[in-house]
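Listed here are the chains, written in short residue letters.
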Amino acid sequence: MNNVFGNQTMDAGIFQQTMFTNPTVDLSIAVQATLTLVIAGTLAGFFHARKAASIRPIEALRAD
């Protein structure tokens, strides 16, 4: 990002800031985001899988 956008400056009226000079993410934020996505994906998959498992295969094939 620095190679492409590192030389751009943003003028906010009061101050100027160089974009993407050192983009970082705190480790706790990265862990929280990862855990949130894992939990959301697990819950989304679990409810649909539980519903699909409760249907008998012959009933599922007959519906199509």
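As the structure is a computational prediction, the values presented were derived from the model and not from experiment.

Engineer: It is not clear to me how the overall build of the protein should be interpreted in this structure. Could you clarify?
Structural biologist: Counting its secondary structure elements, the protein contains 3 helices and 2 strands. By residue count, 2% of the 64 residues in the protein fall in the buried class. If you sum the accessible surface of the protein, you get close to 6000 Å²; carbon and sulfur atoms cover 63% of it.

Engineer: Quick question: what am I supposed to make of a nonpolar patch on the surface here?
Structural biologist: A grouping of Leu27, Val31, Leu35, Ile39, Leu43, Phe46 and Phe47 is seen on the molecular surface, where their side chains present a nonpolar patch of about 700 Å² in accessible area. Mapped onto the elements of the fold, Ile39 is located in helix α2 (residues 27-54).

What counts, and at which threshold
Residues numbered from 1 in each chain as written. Predicted model: local features only at pLDDT ≥ 70, side-chain atom pairs only at ≥ 80, totals over all residues. Heavy atoms only, no water. Helix = DSSP H or I, 4+ residues; strand = E, 2+ residues; numbered from the N terminus. Buried < 20%, exposed > 50% of the residue type's maximum accessible area, 1.4 Å probe, protein only. Areas by Shrake-Rupley, 256 points an atom, 1.4 Å probe, with all protein chains shown as cover. Patch = residues over 30% accessible without salt bridge, like charges linked within 9 Å, V, L, I, M, F, W, Y side chains within 5 Å. Salt bridge = Lys/Arg side-chain N within 4 Å of Asp/Glu carboxyl O.

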